[in-house]
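Topology and contacts: notes
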Amino acid sequence: MSTYRIAVLPGDGVGVEVTPEAVKVLKTVARGTGASFEFEAGIVGGAAIDATGEPLPAATRALCEKAHAILFGSVGGPKWDDVAHEKRPERGLLALRKDFDLYANLRPAACYPMLVDASPLKRSVVEGTDLMVIRELTAGLYFGQPRFREALPDGSERAVNTMSYTSKEIERVARMGFEVARKRRHHLTSVDKSNVLVVSQLWREIVTRLGREYPDVTLDHMLADNCAMALVARPTRFDTIVTENTFGDILSDEAAILAGSMGMLPSASIGGRIALYEPVHGTAPDIAGKGIANPIAAILSAAMLLRYSADLPKDAERVERAVLDVLQHGYRTADIRQEGTKLVGTAEMGDLIARALEGMY
Ligand code: NAD
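As the structure is a prediction and not an experimental result, all values here were calculated from the model. (Residues numbered from 1 in each chain as written. Predicted model: local features only at pLDDT ≥ 70, side-chain atom pairs only at ≥ 80, totals over all residues. Heavy atoms only, no water.)

**With respect to unusual backbone geometry**
Note that the residue after Q145, namely P146, is joined by a cis bond; omega there is 5°. By secondary structure assignment, the location of P146 is in strand β6 (residues 144-151). If you check the backbone angles, D311 has positive phi at about 55° while not being a glycine. Overall, the relative accessible area of 62% leaves D311 in the exposed class. (Helix = DSSP H or I, 4+ residues; strand = E, 2+ residues; numbered from the N terminus. Buried < 20%, exposed > 50% of the residue type's maximum accessible area, 1.4 Å probe, protein only.)

**Digging into the site of the ligand**
Around the ligand, the surrounding shell holds 19 residues, and the nearest of these are V75, G282, A284, D286 and N294. Between H281 and the ligand, the recorded distance is 3.2 Å, taken from a side-chain N or O atom to a nitrogen atom. Protein chains shield 66% of the accessible area of the ligand, which is 800 Å² for the free molecule. For the shell around the ligand, a count of residues per class yields eight nonpolar, eight polar and three charged. (Near = heavy atom within 4 Å. Polar contact = N/O pair within 3.5 Å; in protein donor to acceptor, adjacent residues only side chain to side chain. Areas by Shrake-Rupley, 256 points an atom, 1.4 Å probe, with all protein chains shown as cover. Nonpolar A, V, L, I, M, F, W, Y, C, P; charged D, E, K, R; others polar.)

**Brief notes about the side chain of S119**
Assignment of secondary structure puts S119 in the loop between β4 (104-110) and α5 (123-126). The class of S119 is buried, set by a relative accessible area of 6%. One polar contact links the side chain of S119 to the main-chain amide nitrogen of L121, over a distance of 3.1 Å. Ignoring any residue separated from it by four or fewer positions in sequence, one finds S119 in contact with V126, I257, L258 and G260. (Contact = heavy atoms within 4.5 Å.)

**Observations concerning the nonpolar core**
Counting 94 residues, the largest nonpolar core has F37, L71, L106, I270, Y277, L327 and I353 as its most contacted members. Residue assignment places this core across two domains, with domain 1 (1-109 + 260-361) and domain 2 (120-257) each supplying three or more. Discounting residues that sit within four places of it in the chain, I353 has contacts with V25, I296, I299, A322, V323 and V326. In terms of nonpolar packing, the next biggest core, distinct from the first, is built from 16 residues, A7, V44, L63 and I274 among them. (Core = buried A, V, L, I, M, F, W, Y, C linked by side-chain atoms within 4.5 Å. Domains from an automatic or database assignment.)

**Points about the pairing of strand β10 (residues 240-243)**
Working note: regular strand, side chains alternate between the two faces of the sheet. By the alternation rule, side chains of β10 split into T240 and V242 and I241 and T243, which are all buried. Bridge analysis of strand β5 (residues 130-136) against β10 gives four bridges, and the strand direction is parallel. Along β10, the bridge assignment pairs R135 with T243. When strand β8 (residues 187-192) meets β10, the two strands line up parallel, connected through four bridges. By the bridge assignment for β10, T189 is matched with I241. (Pairing = 2+ DSSP bridges.)

**Thoughts on the domain arrangement of the protein chain**
Parsing the protein chain into structural domains produces domain 1 (1-109 + 260-361) and domain 2 (120-257). Measuring from the centre of the C-alpha atoms in domain 1 to the corresponding centre in domain 2 gives 25 Å. Summed over both partners, the interface of domain 1 with domain 2 comes to about 1700 Å²; 58% of that surface belongs to carbon and sulfur atoms. If you sort the residues of domain 1 by the area they bury against domain 2, Y103, R107 and A109 come out on top, with a joint share of 43%. Across the contact surface, domain 1 and domain 2 share two salt bridges. Where R107 meets D253, a salt bridge forms, and the shortest distance between an N and an O atom there is 3.0 Å. With six residues, β4 is the single largest residue contributor to the side of domain 1 that touches domain 2. Among the residues forming the side of domain 1 that touches domain 2, the class breakdown is ten nonpolar, four polar and four charged. (Buried area = accessible area lost by both parts, 1.4 Å probe. Salt bridge = Lys/Arg side-chain N within 4 Å of Asp/Glu carboxyl O.)

**Some details on helix α11 (residues 313-328)**
Residues three or four positions apart in an α-helix share a direction because the helix packs 3.6 residues into each turn. Between its terminal C-alpha atoms α11 stretches 22 Å, which fits the 22 Å expected from 16 residues at 1.5 Å a residue. If you check which residues of α11 are buried, you get D315, A316, V319, A322, V323, V326 and L327. Projected onto a plane normal to the axis of α11, the buried residues spread over an arc of 135° and lie on a single side. What points out from α11, more than 90 degrees from its buried face, is the exposed set K314 and Q328. Looking at the buried residues of α11, the elements they touch are α1 (15-33), α10 (296-308), β13 (331-332) and α12 (346-358). Once α11 finishes, G330 follows within two positions and takes phi at roughly 90°, a positive value. (Expected span 1.5 Å × (residues − 1). Arc of directions from axis to C-beta.)

**Examining the packing of aromatic side chains**
Following the criterion strictly, the structure yields four aromatic pairs and no others. Plain terms: the ring middles of Y4 and F37 are 5.9 Å apart, the flat faces sit at 65° to each other, and that makes the pair edge-to-face. Residue Y4 is found in strand β1 (residues 4-11), and its partner F37 is found in strand β2 (residues 37-41); the two are separated by 33 residues along the sequence. An identical accessibility class is assigned to Y4 and F37; each is buried. Clustering of aromatic rings is evident, with ring pairs tying together Y4, F37 and F39. The ring centre of Y331 lies 4.5 Å from the NZ or CZ of K342, which sits over that ring. (Phe/Tyr/Trp six-rings, centres within 6.5 Å; stacked < 30°, edge-to-face > 60°. Lys NZ or Arg CZ within 6 Å of the ring centre and 35° of its normal.)

Structural data, given as structure tokens:
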């Protein structure tokens, strides 16, 4: 089997602590399957600013260019809060998304049975939740032109952003939605504001037309405001959601609370030349350096890498089952701790999951 190259960019804060646990799990998969993974580490974010003055140094970019996938940690922290906008740590991540045209951001939110009580929602509402939000990531309101501020003659100001999509931009992310739904429970909900936005009317037309190519996927449409309510009122009605950049930003964060903790949420940014996998959480400066961060979001991001980039869906499932197994045995990091469970640190949780996985080969 040819070598599969993974660029490992831990970044800053807890990124440095959780990413090695994801690598540990991928190495276990490699041993179990005979797949050949090659890991090469690079610096990004604040660590890269300290070393080179740039959040995404040329060497790191070159490393990613020759990789098949990127395993990313998280970037930023109070130390770099005052650096100039263009040099901020998150510019490293944004540059990667742009350079590789990563137009689809996949964020699953599942409520594990043993963590139901960690969610702020009632058990009867949240139990059984297992959904995926696909957010368009490179166009829409966050990137549309014109965008500007101007002074008005009466001394007040005006600011303008533009929500803009081409039919191609809509079609490629919608297609991703159908393909992902096909790998899940064959139900796609397209979210828009077609009652008020002309962009959403085009969005809905294109998604509807594309739906005819996917007769095995049940398609429905929902307005973004209605979706915001339904996510907390009846989250189990959803399987796969596909939506515009801004709506997706808001709705995927809302969906995140269903899972109980930031430390449980993986993500993938795909569609472009290579894909990037990262936990949803940031660098958690409040707990960084203590060895207590939850590595499960990073480990589940590695599972997504196996499913969506390395074409090893059975191994992705094994990793997910290993996580479930360890949680079922009562092991918890501090963020998801409940009475009667066993408290473990970052590396110990990684070891436990790797061991559970090893037993599946
Ligand atoms: P955060 O996600 O870092 O932390 C929010 C809360 O969740 C904190 O209480 C933290 O302790 C907890 N948490 C996060 N990850 C955890 C884990 N793995 N295990 C246990 N608890 C965890 O968000 P924030 O505090 O708003 O941001 C901190 C820094 O991270 C900022 O500099 C921000 O810009 C950066 N950030 C980076 C990314 C990224 O790299 N993609 C994303 C979000 C925030």
